[in-house]
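Observations on chain architecture
Chain by chain, the residues:
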Amino acid sequence: MSKPDIAPPPLRNDCFALPAGVNWTPVDEALALLRDRLTVVTGVETAPLRQAAGRILAGDVLAQRSNPPQPNTAVDGYGFAGAVPEGPCVLPVLQGRAAAGFPFAGEVPQGYALRVLTGAALPKGVETVILEEDVTLELGHIAFRGPLKQGANTRKAGEDVVEGALALPAGRRLTPADMALLSAVGLAEVSVRKALRVGVLSTGDELVEPGDAAGPGQIYDANRPMLLSLVERIGFEAVDLGRAEDDRAALSRHLDCAAQRVDVIVTSGGASAGDEDHVSALLREAGAMHEWRIALKPGRPLALGMWDQTPVFGLPGNPVAAMVCTLIFARPALSLMAGEGWQEPQGFEVPAAFAKRKKPGRREYLRARIRGGQAEAFHSEGSGRISGLSWADGLVEIGDGAREIKPGDLVRFIPYGSFGL
Ligand SMILES: Nc1nc2c(c(=O)[nH]1)N[C@H]1C(S)=C(S)[C@@H](COP(=O)(O)OP(=O)(O)OC[C@H]3O[C@@H](n4cnc5c(N)ncnc54)[C@H](O)[C@@H]3O)O[C@H]1N2
Ligand code: MOO
């Protein structure tokens, strides 16, 4: 049988090459647009301190009280007035003592010392404390050697935080350390943002639930468990929206229902422009679609749109791309909507343990980990190689321009922890 004489297109040996004629949005431009368009959507409630850890402050918190509230001693020892010049010093010791929670009621006269214990409020007349290890106590007197500056071994009132000063700013996600700070400055409850509800939906006829029998051509839904866990770890309320098959009407019903339940919808799969890519098609139909071809590897198709006033992040189906897009795009956007402000991950310059040549025009993220102070890159850049996500401790970010990386060259490593994981 004779074959028709058809000319094939030119060979493209790099499947990630940017097709000509497509308007590729640079990562920073896409991020700037998101940052510009999104606003805080969460309400406010009051939470007792114990329930406030990990929540986002809705307003600035001012110190109700100074820390420390009064001048006190930093050590166990003996307190007295003024400084001590170089040389020996002998002081008579008064009856009584000052301990934390049990202030000394009287006044310490000039030239006398009083027994003081760490944390005790400085009694009237005490400005300076000598450590008990540095004195000899005999016959109702202490003897020690100067010099000692006035105020030595004491803590000033408000030296940490002054009453009325800003203790923590609005948008702060409360850490364990913040629990100590807020308690110390007198807060028993704080005004926090209600949790941002993030719905996670998988799309694709090929997907089955982990635990179910998988027939030929079927694969287990790996994205949904990953994304639900990611959303929780980043600090939001994850809502499992299940799976939708590759059917426009069914997907549309799923999105309708989701829009009633959650603040943001995150889908995976069907983001690209193929015959079965219904997420992007539906969002386009709804007339509120920014179908972004992002100059990013992995993760270039990202469908962003509104469904019934609810923002939808249509992540690419490949799990590596889905995770990278969540960390790079969804995380700062969700943080902003939750009231936490736009969150930039902290990267660190470390020497590369690998070599790589990169063409200009797109940003790349490699699964990477730190070993022996160097960044190792996963052996494959395949976007379906899920094992590399587990192998890695973070991502190496390689900028939009051309780059030739040789072992020892500095690269930007962003630990998973910098994304809040
Ligand atoms: N002709 C072209 N084909 C593709 C291009 C392209 O530019 N031209 N881009 C590729 C890239 S890059 C990606 S990423 C994907 C994105 O496509 P979709 O978002 O439409 O995703 P799907 O086609 O639905 O799925 C892609 C891949 O991921 C698997 N998948 C989907 N969901 C899950 C899940 N929940 N758990 C595990 N794996 C999942 C799915 O089976 C596919 O193998 O398009 C490329 N194609
Ligand atoms: O970049 Mo796709 O977005 O690799 O998997």
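All chains use their own residue numbering, which begins from 1 and follows the written sequence. Naming scheme: in the order in which they are written, chains are lettered from A and ligands are numbered from 1. Local features in this predicted model are restricted to residues whose pLDDT is 70 or higher, and side-chain atom pairs enter the listing and the counts only when it is 80 or higher, whereas totals over whole chains, interfaces and linings include all residues.

Another aspect to go through is the site of ligand 2. Ligand 2 sits among K297, P298, G299, R300, P316, N318, A321 and S383. In this classification, the charged set is Asp, Glu, Lys and Arg, the nonpolar set is Ala, Val, Leu, Ile, Met, Phe, Trp, Tyr, Cys and Pro, and all remaining amino acids, among them Gly, are polar. Looking at the shell around ligand 2 residue by residue, the classes come out as three nonpolar, three polar and two charged. In this analysis, residues qualify as near a molecule or strand once their C-beta atom, positioned from backbone atoms, comes within 6 Å of it.

Below, the discussion takes up the confidence of the model for the protein chain. Values of pLDDT, which run from 0 to 100, indicate the predictor's confidence residue by residue. For the protein chain, the mean per-residue pLDDT works out to 93, and 95% of the residues sit at or above 70. Segment residues 12-18 is flagged for pLDDT under 50; beyond a separation of four residues in sequence, or across chains, it makes six contacts in the model. Note that contacts rest on C-beta atoms placed from the backbone: two residues are in contact if these are within 7 Å.

In this section: the packing of helix 5 (residues 248-261) against helix 6 (residues 278-285). Relative to each other, helix 5 and helix 6 sit at 70°, their axes nearing to 10 Å. As the angle between them shows, helix 5 and helix 6 are arranged roughly perpendicular. For the element pair helix 5 and helix 6, the recorded crossing hand is right-handed. Where helix 5 approaches helix 6, its residues R248, L251, S252 and L255 are matched on the opposing element by H278, V279, A281 and L282. Considered class by class, the residues forming the contact of helix 5 with helix 6 number five nonpolar, two polar and one charged. To get an axis, a line is fitted to the C-alpha atoms, and for a helix only the part in contact is used. The angle between two axes follows their N-to-C directions and goes from 0 to 180 degrees. To qualify as a helix, a DSSP run of H or I must reach at least 4 residues; to qualify as a strand, a run of E must reach at least 2; elements of each kind are numbered from the N terminus. Roughly parallel refers to an angle under 35 degrees, roughly antiparallel to one over 145, roughly perpendicular to one between 65 and 115, and oblique to any angle outside these ranges. Each crossing gets its handedness from the near helix: less than a right angle anticlockwise from the far helix is left-handed, clockwise is right-handed.

This brings us to the domain arrangement of the protein chain. Note that the domain bounds were set by an automatic or database domain assignment. By the assigned domains, the protein chain splits into domain 1 (27-41 + 195-338), domain 2 (44-67 + 162-193), domain 3 (72-155) and domain 4 (348-419). Placing the centre of domain 2 and that of domain 4 at their C-alpha centroids yields a distance of 37 Å.

Taken together, 25 residues lie around ligand 1, and N223, G269, S272, P316 and G317 are the ones closest in. Its residues placed into classes, the shell around ligand 1 shows eight nonpolar, 12 polar and five charged.

Moving on: the sheet that holds strand 8 (residues 136-138). With mixed pairing, the six strands of this open sheet are ordered in space as 7-4-6-5-9-8. The sheet terminates laterally at strand 7 (128-131) and strand 8, the two strands that pair on one side only. When strand polarity is set aside, the average angle formed by the axes of neighbouring strands in this sheet is 40°. Bridge count for strand 4 (residues 77-80) against strand 6 (residues 113-116) is three bridges, and the pairing is antiparallel. Residue pairing in the sheet places G79 in a bridge with L114 of strand 6. Any two strands with at least two DSSP bridges between them are considered paired.

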